[in-house]
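One letter stands for each residue in the lines below.
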Amino acid sequence: MSFMSERSDRKMARATADLVAREANVSRVAVSRAFNPNASLKPEKRDRILQIARELNYTPDMAARSLVTRRSHLVGMIVPDVCSPWESQEIDALTTALQAEGFATLLFKAKADLSMDQTLLTYMRGFNPDSVIAFTENVEPDVLCGFLDRAVPIYIIYDDAEEFGGKPSASLYDRLVVRQKEGIEQAVALLQGYGARRIAYLGGKPQSLANAERERIITQVLLGRGMPPPIVVPGDYTYDTAYRATVDLFRVGDGADAIFASNDVGAFGAIDALRHELSLSVPGDVKIVGFDDIPQSHWKSYNLTTVRIDLPDRVRALVRLMLKRLKTPEAGPLIETLSTRLVVRGTVG
């Protein structure tokens, strides 16, 4: 029997790590390291092992590995939306970063009111994730931790909104704190510098802590600069609602010199309403500032001035929190902080 036919016969059966090790003339430990992106192994050695593993149709048994390591290499993500521009780009970037670290992702979508179905939480527990990243504020840590085994969840917190539902949490969770004030201060200073006095705040979903903090901060900053508080215009982060709300602001209300939108999509709706429904110019008649700096913000049709949350920095911070927690499981609350800054384009001056 030829060498190739012998290898082909063995390929038909379920290959083992021991077989790969013999074929590659390495130890079984080296085979295990080859499939771990974080393990130390010479690139040429890793390439040879992976090539032989492919030829033998070998893949690691993750269930068996998790029994030994007590890690599932799964990360849960609880998100409020999967279609909106910000959430979709963040899910994409975070999934890519986690895969590079050897982790697969489990995606769970919250309900419309941002709460989480407890059946799904039970389902999540069955996967025994190594970590859970909660993008949704309304799944409180005390509730979420009750459905987790060893995993310590990571919450994205905005500014000083450290308490959920007005009550402190008794459960351990890690935090990525996004400081929005710096970017908002820069935006208000720019608007004031261009003569804006009556500023409207076009809000997001009422349940969103990020939205509540943005409204609180812009009110605080305006008052600190001797300006009237914002005209609060209810919204929900969507284009259509922002469009209608902007029309109402000018046809029913007294209008505004500027609109600070809670997100870029809302800013797009406001710009289109002003230009196409109200025949007003941006920034000549009304100045617009958005929030997030999604890729569409630099499109020439909008050229939006906006407060930027740096997505690559945000993703790196989340991955650092997860890896540090796995390395030091007994540590107290871990915290990373992320700042914001204004990106100046053409909708203010």
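Refer to the structure above for everything that follows.
A quick note: this is a predicted structure, and the numbers were derived from the prediction, not measured. (Residues numbered from 1 in each chain as written. Predicted model: local features only at pLDDT ≥ 70, side-chain atom pairs only at ≥ 80, totals over all residues. Heavy atoms only, no water.)

A.B. asks: Can you tell me about unusual backbone geometry, naming the residues and giving the values?
C.D. replies: Trans is the common state for peptide bonds, and a negative phi is the common state for residues other than glycine. Geometrically, the link from Val-282 to Pro-283 is a cis peptide bond, its omega value of 10 degrees lying close to zero. Along the chain, the position of Pro-283 falls in the loop between α12 (264-277) and β9 (287-292). Positive phi is not limited to glycine here, since Asn-25 has a value of about 60 degrees. The exposure class of Asn-25 is exposed, given its relative accessible area of 70%. At Ser-279, a position not held by glycine, the phi torsion is positive, near 55 degrees. Structurally, the position occupied by Ser-279 is in the loop between α12 and β9. (Helix = DSSP H or I, 4+ residues; strand = E, 2+ residues; numbered from the N terminus. Buried < 20%, exposed > 50% of the residue type's maximum accessible area, 1.4 Å probe, protein only.)

A.B. asks: Any chance you could break down the pattern of salt bridges for me, citing the residues and the numbers?
C.D. replies: A full pass over the atoms with the stated rule returns 10 salt bridges. When the shortest N-O distance is used, the salt bridge between Arg-314 and Glu-90 registers 2.6 Å. In this pair, Arg-314 is assigned in helix α13 (residues 311-327) and Glu-90 in helix α6 (residues 85-100), connecting sequence segments 224 residues apart. On the basis of relative accessibility, which here comes to 2%, the residue Arg-314 falls in the buried class. The salt bridge partner of Asp-293 is Arg-345, with a shortest N-O separation of 3.0 Å. Placement of Asp-293 in the loop between β9 and β10 (306-309) and of Arg-345 in the segment after β11 (335-343) is noted, with a sequence separation of 52 residues between them. Residue classification places Arg-345 among the partly exposed residues on the basis of a relative accessible area of 21%. What emerges from the salt-bridge pattern is a single network uniting Asp-293, Arg-308, Asp-310 and Arg-345. (Salt bridge = Lys/Arg side-chain N within 4 Å of Asp/Glu carboxyl O.)

A.B. asks: Tell me about the packing of aromatic side chains, and please be specific about residues and values.
C.D. replies: Evaluated as defined, the whole model comprises six aromatic pairs. Ring centres of Tyr-123 and Phe-127 lie 5.2 Å apart, and the angle between their planes is 75 degrees; on these two criteria the pair is classed as edge-to-face. With Tyr-123 and Phe-127 both in helix α7 (residues 118-127), this residue pair falls four residues apart, about one helical turn. Note on Tyr-123: relative accessible area 51%, which makes it exposed. The interplanar angle of 40 degrees and the centroid separation of 6.4 Å between the aromatic rings of Tyr-201 and Phe-260 together place this pair among those described as tilted. (Phe/Tyr/Trp six-rings, centres within 6.5 Å; stacked < 30°, edge-to-face > 60°.)

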